[in-house]
Amino acid sequence: MSDHKTKKYYRDRAAEYEQIYYRHVPGRHREIDDEIDRLKSHVSNRTVLELACGTGYWTDKMAETAESIIALDIWMEMLDEARKKKYRNPVAFIRADMTHLPLKPALFDLVAVGFWFSH
């Protein structure tokens with residue numbers, strides 16, 4: 001997908017993007033809940049660098065137990081959606097390309113990358 005087409009895709013779908021997690025598919029909600037439990041356990045009391053945070057769906061789940069999160073995404077439309085959420089623990093957002101990180105991953109206890117590979 002060209003950069004122009006990719007930007008249009010995310011711009012046009014940002015507001016509806018995370019609806020995939022709410023679809024009524026048998027067994028899917030249990031699978032997502034299990035993943036949320038695992039993720040919250042992994043990030044508990046840790047400082048997290050989240051790459052490609054998208055709309056903040058997983059950021060929100062991690063923020064329930066993480067000490068703090070710096071979440072980045074290349075698409076401003078996705079960050080705009082993520083900023084609309086109310087997070088339990090501190091979350092800061094940065095617009096950045098994960099292939100050119102503005103921060104050193106070594107400064108964090110954990111680096112999280114959600115479903116970036118599927119894109």
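We now turn to the structure provided with this report. (Residues numbered from 1 in each chain as written. Predicted model: local features only at pLDDT ≥ 70, side-chain atom pairs only at ≥ 80, totals over all residues. Heavy atoms only, no water.)

A few words on the pattern of salt bridges. Counted by the stated rule, this structure contains six salt bridges. Notably, a salt bridge pairs Asp 80 with Arg 83, separated by 3.8 Å at the nearest N-O pair. One end of the pair, Asp 80, and the other, Arg 83, are both in helix H4 (residues 76-83), three residues apart, so they sit about a helical turn from each other. The exposure class of Asp 80 is partly exposed, given its relative accessible area of 39%. Arg 83 sits in the partly exposed class, given a relative accessible area of 40%. A salt bridge links Lys 84 to Glu 81; its shortest N-O distance comes to 2.9 Å. Judged by relative accessible area, which is 59%, Lys 84 ranks as exposed. (Salt bridge = Lys/Arg side-chain N within 4 Å of Asp/Glu carboxyl O. Helix = DSSP H or I, 4+ residues; strand = E, 2+ residues; numbered from the N terminus. Buried < 20%, exposed > 50% of the residue type's maximum accessible area, 1.4 Å probe, protein only.)

What follows covers the side chain of Thr 47. Along the chain, Thr 47 turns up in strand E1 (residues 47-51). In contact with Thr 47, not counting residues within four places along its chain, are Glu 67, Ser 68, Leu 107, Phe 108, Asp 109 and Leu 110. (Contact = heavy atoms within 4.5 Å.)

Along the chain, Cys 53 falls in the loop between E1 and helix H3 (57-62). With 27 residues separating them in the primary sequence, Cys 53 and Asp 80 have C-alpha atoms 11 Å apart. Non-local contacts of Cys 53, meaning those with residues more than four positions away in its chain, are made with Thr 59, Ala 71, Leu 72, Asp 73, Leu 79 and Phe 93.

Right, let's get into H4. All of the buried residues along H4 are Met 78, Leu 79, Glu 81 and Ala 82. Buried residues of H4, seen end-on, are gathered within an arc of 160° and therefore sit on one face of the element. As for H4, its buried residues are in contact with helix H1 (3-13), strand E2 (68-73) and strand E3 (91-95). (Arc of directions from axis to C-beta.)

Before going further, it helps to spend a moment on the pairing of E2. Within a regular strand, side chains alternate between the sheet's two faces. Here E1 runs beside E2; their pairing, made up of five bridges, is parallel. Considered in E2, the bridge of Leu 49 is made with Ile 70. A crossover connection joins E1 to the parallel E2 through H3; in handedness this β-α-β unit is right-handed. Sheet analysis places E2 next to E3, joined by five bridges and oriented parallel. In the sheet register, Leu 72 faces E3, and the bridge partner there is Ile 94. (Pairing = 2+ DSSP bridges. Right-handed = clockwise from strand over helix to strand, strands pointing away.)

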